[in-house]
Amino acid sequence: MSTDVELSAGYIETFVGNGKARSTGDGKRAIKAGTPLPHHTTLDKEERYLYFAESGSDRVRRVDLKEGTLHNFAGIGETCYSGDSGPCSEAGLYLPLGLAFDSNNDLYICDSGSNRIRRVDRETGIITTVVGTGQFGFNGDGPALEVNLTWPAAIVFDRDDNLYIADTQAHRIRQYDPRTGMVTTIAGHWTPEDDSRDQPLVARNLVVLSGDSIGIDFSDDHGWLRPECSDGLDMSYYLDDGQPATEAKLHDLVGIALDRHGDVFVVDKGTNRVRKVDRRTGIISTVAGICRYGYDGDDKVAVKSMLHAPEGVTFDPWNNMYISDSMNHRVRKVDAETGLISTICGNGDSGYEDKNMGGCGMARFVSKEAAGAPSKHGDGHLAIEAVVHAPVGLAFDSQGFLYICESRENRIRRAKLW
């Protein structure tokens, strides 16, 4: 922790990371360690460790929540795919992004750059591939080791140990059943015509580090990852609420979660929305966002509110939904009873003087010195008054702490919500 005083409800602090873009501090206090680009985070079933995908070093690291120390767990710090059937600490990972535990407390890693889902056995620490051939490009459903994934970004388990995968650049949600070993598509339909309508970026989702520079993967000025560079975007392709989810158009899926009813919620960063797949009916709907990017205030119905390049989603025990509204520099809450959206972390400020760090179809690589130092963070103060710069992954523990990956700040913050 960044303070020696117990955090009060409503307040925020830095929990992991010193802000440096180098992976350092193995075995040291988490707050003093270098943690480049933490992306998604999760806790094991006993809540002994907080795990996070450190995408800037191609590692998975974990924090001992009793001791406050940080330890390397999986990955050798090199960008590669290697090490199946061996210790996870000796394996090569390639842009790990999402993490999830099954009911046995085995850790699953969304090894995005290798187009695979990998599993670490709790007892032995052995890593294996459970989904994906390593090739990209959708090739249909079938046996898990025969299907392709394409830059998958996030994963989540249901109570029956079915794994749901945000298959990002395949524009689909996939389901892996470990009992049968089969993968099926539960949402998303994409055709070559859809590809031809999209305009590719120079770089998508990939990050390059050099010294203390930070690689920033920006969507364009409309909050899209792969749009035409114009003000006249045709959104009609994506306005398909009430249709079977397998016929829906999904764009860039970067976060995924389940509510207490087992329905699947996915963050479609490309259309600035959170979508819901009803697992009983198979129907898709929008639960937050209106496609267009921006911020138009709080205390209104979430389905009529604007988001700007959302990244993550999670739920509390009362089924309230939380969204990392990344380019609005806020974490937003959607009330389970009223459907109203509000801000619970972040004052909307990025903390940098230079706010024009993106451009259409470009990935910018900006040093912290060139971008301007953060004006403030607000650690130890009210979460709604603090700077929360471009939040990404979110996770709750049972004590009411919300863990927030501030990837571009190379930190994980935590806010005490109850």
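Thresholds applied
Residues numbered from 1 in each chain as written. Predicted model: local features only at pLDDT ≥ 70, side-chain atom pairs only at ≥ 80, totals over all residues. Heavy atoms only, no water. Patch = residues over 30% accessible without salt bridge, like charges linked within 9 Å, V, L, I, M, F, W, Y side chains within 5 Å. Areas by Shrake-Rupley, 256 points an atom, 1.4 Å probe, with all protein chains shown as cover. Salt bridge = Lys/Arg side-chain N within 4 Å of Asp/Glu carboxyl O. Helix = DSSP H or I, 4+ residues; strand = E, 2+ residues; numbered from the N terminus. Phe/Tyr/Trp six-rings, centres within 6.5 Å; stacked < 30°, edge-to-face > 60°. Buried < 20%, exposed > 50% of the residue type's maximum accessible area, 1.4 Å probe, protein only. Pairing = 2+ DSSP bridges. Core = buried A, V, L, I, M, F, W, Y, C linked by side-chain atoms within 4.5 Å. Contact = heavy atoms within 4.5 Å. Axes fitted to C-alpha atoms, helices over the stretch in contact; angles between N-to-C directions. pLDDT = per-residue confidence, 0-100.

### Section: a nonpolar patch on the surface
No. 1: Taken together, the side chains of V301, V303 and L340 present a nonpolar region at the surface, about 200 Å² in accessible area.
No. 2: Counting through the fold element by element, V303 comes out in the loop between β21 (300-301) and β22 (312-315).

### As for the packing of aromatic side chains
No. 1: Considering all chains together, one arrives at eleven aromatic pairs under this definition.
No. 2: Pairing Y94 with W151 gives two aromatic rings, centres 6.3 Å apart and planes at 85 degrees, and the pair type is edge-to-face. Separated by 57 residues along the polypeptide, Y94 in the loop between β6 (86-87) and β7 (96-101) and W151 in the loop between β11 (142-143) and β12 (154-157) bring together distant segments of the chain.
No. 3: Its relative accessible area of 29% is what places Y94 among the partly exposed residues.
No. 4: Ring plane angle 85 degrees and centroid distance 4.9 Å describe the contact between W318 and W418, whose orientation is recorded as edge-to-face. With a gap of 100 residues between them, W318 in the loop between β22 and β23 (321-325) and W418 in the segment after β29 (411-416) connect regions that are remote in the sequence.
No. 5: A residue is classified by how much of its surface remains accessible, and W318, at 47% relative accessible area, is partly exposed.
No. 6: Ring-pair connections join several aromatic residues into one group, and the members of that group are Y49, Y51, F73 and F101.

### Let's talk about the sheet that holds β11
No. 1: Here five strands make up an open sheet; going across it, the order is β11-β15-β14-β13-β12 and the pairing antiparallel. The sheet terminates laterally at β11 and β12, the two strands that pair on one side only.
No. 2: With two bridges connecting them, β11 and strand β15 (residues 182-187) associate as antiparallel partners. Bridging from a neighbouring strand, G142 pairs with V183 of β15.

### Concerning unusual backbone geometry
No. 1: Positive phi, close to 75 degrees, is recorded for S85, a residue that is not glycine.
No. 2: Looking at the secondary structure, you find S85 in the loop between β5 (69-74) and β6.
No. 3: Taking the relative accessible area as the measure of exposure, S85 reaches 58% and is therefore exposed.
No. 4: The backbone of A309 sits at a positive phi, close to 55 degrees, despite the residue not being glycine.
No. 5: Position of A309 relative to the elements: it lies in the loop between β21 and β22.

### Points about the environment of S236
No. 1: When you line up the elements, S236 lands in the loop between β16 (213-216) and β17 (253-258).
No. 2: In the structure, S236 is positioned 55 residues away from C291 in sequence and 10.0 Å away in space, judged by C-alpha atoms.

### Comments concerning the nonpolar core
No. 1: Core analysis: the biggest nonpolar cluster contains 17 residues, and Y164, I173, A187, I256, V264 and V277 have the highest contact counts within it.
No. 2: Taken together, the elements giving at least two residues each to this core come down to β12, β13 (163-167), β15, β17 and β18 (264-268).
No. 3: It is β17 that contributes the most residues to this core, three residues altogether.
No. 4: The contact partners of V277, leaving out residues within four places of it in the chain, are I173, I186, A187, A245, D263, V264, I283 and I284.

### Some details on the sheet that holds β18
No. 1: Strand order in the open sheet formed by four strands is β17-β18-β19-β20, and the pairing between neighbours is antiparallel. Where the open sheet ends on each side, the last strands, each with one partner, are β17 and β20 (284-288). Adjacent strand axes in the sheet meet at a mean angle of 30 degrees when their direction is disregarded.

### What to know about the confidence of the model for the chain
No. 1: Chain-level statistics for the chain give a pLDDT mean of 88 and a share of 84% at 70 or above.
No. 2: Contacts of residues 354-375 to residues separated by more than four positions or lying in other chains number 55 contacts, the stretch itself having pLDDT below 50.

### Quick notes on the environment of E6
No. 1: Considering the arrangement of structural elements, one finds E6 in the segment before β1 (12-16).
No. 2: Separated by 410 residues in sequence, E6 and K416 have C-alpha atoms that sit 9.8 Å apart.

### What to know about the pairing of strand β25 (residues 340-345)
No. 1: Relative to β25, β21 runs antiparallel, the two being bridged by two bridges. Looking across to β25, one finds that K300 is bridged to I341.
No. 2: Pairing analysis gives four bridges linking strand β24 (residues 330-334) to β25, with the strands arranged antiparallel. Note that in β25 the partner of R332 across the bridge is T343.

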